[in-house]
Amino acid sequence: MRSIVLLPYFSRKLPEYFSLFLASVEKNRDTDFLIFTNLKNPEQLPENVIWQKGQLKDINTRTLQQTGIDPGITRAYKLCDLKPFYGLIFSDLIDNYDYWAYGDMDVIFGNLDQFLQKICREELYDIISFRENWLSGCLCFFRNDPKLNQLCLQSRDWKEVLSTPEHYFGYDEVSWKNGKMIFWKLVNGQDLIELKIDIQSFTEVVLTAPGLKMHFGDLVKESIEEHMLLEISAEKVLIGSQFQKGFQAAYEMAAYHLVSEKNRPYFRFPAWKKVPERYYISRSGFSRKPARSTLEKLSHSAHLLFRSYPLYYFKKIRKKLNR
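In short, a report on the structure. (Residues numbered from 1 in each chain as written. Predicted model: local features only at pLDDT ≥ 70, side-chain atom pairs only at ≥ 80, totals over all residues. Heavy atoms only, no water.)

## Some remarks on the pattern of salt bridges
- Using the criterion set out here, one finds 14 salt bridges in the structure.
- Between Asp-106 and Lys-262 there is a salt bridge; the shortest N-O distance is 2.8 Å. With Asp-106 in the loop between β4 (99-103) and β5 (107-109) and Lys-262 in the loop between β13 (255-257) and β14 (279-282), this residue pair connects regions lying 156 residues apart in the sequence.
- Taking relative accessible area as the criterion, Lys-262 reaches 30% and is therefore assigned partly exposed.
- In this structure, the salt-bridge partner of Arg-264 is Glu-261, at a minimum N-O distance of 3.5 Å.
- When its relative accessible area of 0% is taken as the criterion, Glu-261 is described as buried.
- Linked through salt bridges whose partners overlap, the residues forming this network are Asp-126, Arg-143 and Asp-145. (Salt bridge = Lys/Arg side-chain N within 4 Å of Asp/Glu carboxyl O. Helix = DSSP H or I, 4+ residues; strand = E, 2+ residues; numbered from the N terminus. Buried < 20%, exposed > 50% of the residue type's maximum accessible area, 1.4 Å probe, protein only.)

## Points about the pairing of strand β7 (residues 139-143)
- Burial analysis of β7 places four of its five residues in the buried class, which makes it a mostly covered element.
- By the bridge criterion, five bridges tie β4 to β7 in an arrangement that is antiparallel. Across the sheet, residue Tyr-102 finds its bridge partner in β7, namely Cys-140.
- Summarising the sheet, strand β6 (residues 127-129) and β7 pair through three bridges and their orientation is antiparallel. Looking at the pairing, Ile-127 lines up with Phe-142 of β7. (Pairing = 2+ DSSP bridges.)

## With respect to the environment of Pro-46
- Assignment of secondary structure puts Pro-46 in the loop between β2 (31-37) and β3 (49-53).
- Judged by relative accessible area, which is 10%, Pro-46 ranks as buried.
- With 17 residues separating them along the chain, Pro-46 and Arg-29 place their C-alpha atoms 9.3 Å apart.
- Setting aside residues up to four positions removed in sequence, Pro-46 forms contacts with Leu-22 and Glu-26. (Contact = heavy atoms within 4.5 Å.)

## Some details on the sheet that holds β3
- Across the sheet, which stays open at both edges, the seven strands sit in the order β3-β2-β1-β4-β7-β6-β8 with mixed pairing between neighbours. Each end of this open sheet is capped by a strand with a single partner; those strands are β3 and β8 (214-216). Recorded for the sheet is a direction-independent mean angle of 20° between the axes of neighbouring strands.
- Taken together, the seven bridges between strand β1 (residues 3-9) and β2 define a ladder with parallel strand orientation. In the strand pairing of β2, Ile-4 is matched with Asp-32.
- Contacts from helix α1 (residues 18-26) reach β1, β2 and β3, with the element oriented near 150° to β2.
- Against the sheet, helix α5 (residues 112-119) engages β1, β2, β6, β7 and β8, with an angle of about 120° to β2. (Axes fitted to C-alpha atoms, helices over the stretch in contact; angles between N-to-C directions.)

Written out as structure tokens, the structure is:
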């Protein structure tokens, strides 16, 4: 099956994890990744990365043409609410694909192609979510069908979502007008429909739509626990422990989403000129080898105390001043 992941990105520069993203994308040859962005393309890109120049206003125009509503977006984060509409917004760019997906760029992929092949081996699913309890905002696939692409218009609140540019509703996952703790309620077994959230999310739309064939599974790692270690190799994202002798994997995931760790003050990104074939990610950041010695652990503690926290708050203040 041929699939494409749609990744609008608007900023002053590419994120510091972009080379890690690209290295993971390159090995998934059956999946294309379309980056719709205002930025100039890098000199070297994998063959399966499509660089489409555009501006944020172009997204507003495309949305108006397909839905009749100009969302008037001025800040890129609001695009998360538009993810379920991408099948309409980018309809001219997905014609030749069996599946399209919305996703995020702060993701390091394992063998995504293999996971998709396994999932679709016996069943041609309409929707493939990489979280078990809701549609995964960082990566979610949809069969490229006109009726499925219209599902985003089935929510009773879709017009409010599109016409409120200053507020992110969480429409792509589970709307959190009542608070972010909704995620924990779902993980603990509560039913999304029974929670009666003010804004009807896209997850609720697909769960109540008749006749859909859906696959929900926890296949993306979105946080690293204290004693956990991730091994990223040419083909896999493996989860294990950093306190064992060597690395012994406990299980494999399709991808790792940086959503939790990238905002921690002590998390370090690497300054690699070339991404190694194999590397490790702990709660504190990236390394070529797992940290096992006492000296390495003390070095990490010193980094937290004298560099990470001051640098974190400096960046946070600068970010607020630039708004």
